[in-house]
Structure formats: structure tokens, C-alpha cells
Amino acid sequence: MGIDAREQRLDELESRVAWQDQTIDTLNAAIAEQAIAITRLEEKLRVLTERLREQLSAGGTAAESTGHEVPPHY
């Protein structure tokens, strides 16, 4: 293997590493955004669950607490 072939091979490897680094950074950013979204959704679920518990313990039904009537065929 000549020097030119080694240099070309090294250039290819460096290019792959740079591309992989960029891909890893992109994936890390996506995961961080998803973690934030999940945290927000968990908080919303907690709040809604608490509201539902409060309304059910006050004697209401789930349909009454949301203002939606259940159709007669249910």
C-alpha cells in the first residue's frame, strides 16, 4: 500500500468520524427535546389525573366532570 493510498484511507476515516460525530450530536439533541416533551406530558397527566380524582371524589362522574354527556346507547 503506497503513501497516497494510506492518505486516502486516512482521509476517508476522518470523514466518517466527522459524519458520525455530527450524527451523534443530532441524535443527542433529539433525545433532549423528547425528554423535555415527556416531562411536560407527565406533568399534564398528573394534573389531569388529580382533577379527575377530585371531581370523582366530589360525587361526580367522569362524563359530568368533563361536561360531556354519554349518549343513551352507551
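One can find the structure itself at the top, above this paragraph.
The rules behind these values
- Residues numbered from 1 in each chain as written.
- Predicted model: local features only at pLDDT ≥ 70, side-chain atom pairs only at ≥ 80, totals over all residues.
- Heavy atoms only, no water.
- Helix = DSSP H or I, 4+ residues; strand = E, 2+ residues; numbered from the N terminus.
- Buried < 20%, exposed > 50% of the residue type's maximum accessible area, 1.4 Å probe, protein only.
- Patch = residues over 30% accessible without salt bridge, like charges linked within 9 Å, V, L, I, M, F, W, Y side chains within 5 Å.
- Areas by Shrake-Rupley, 256 points an atom, 1.4 Å probe, with all protein chains shown as cover.
- Salt bridge = Lys/Arg side-chain N within 4 Å of Asp/Glu carboxyl O.
- Lys, Arg positive; Asp, Glu negative; His and termini not counted.
- Charge placed at Lys NZ, Arg CZ, Asp CG, Glu CD.

Each helix and strand counted, the protein chain has two helices and zero strands in total. For the protein chain, the residues scored as buried account for 0% of the 74 residues in total.

Looking now at a negative patch on the surface. Taken together, the side chains of Asp 4, Glu 7, Asp 11, Glu 12 and Glu 14 define an acidic patch exposed on the protein surface. Secondary-structure assignment places Glu 14 in helix H1 (residues 3-57). Classification of Glu 14 by relative accessible area gives partly exposed; the value is 47%.

Per the counting criterion, the structure on display carries one salt bridge. Notably, a salt bridge pairs Arg 46 with Glu 43, separated by 2.6 Å at the nearest N-O pair. Here Glu 43 and Arg 46 lie together in helix H1, a separation of three residues that amounts to about one turn. When its relative accessible area of 49% is taken as the criterion, Arg 46 is described as partly exposed. Glu 43 gets classed as partly exposed once you look at its relative accessible area, which sits at 38%.

Moving on, we get to the environment of Ser 57. Summarising the element assignment, Ser 57 is placed in helix H1. Owing to a relative accessible area of 65%, Ser 57 belongs among the exposed residues under this scheme.

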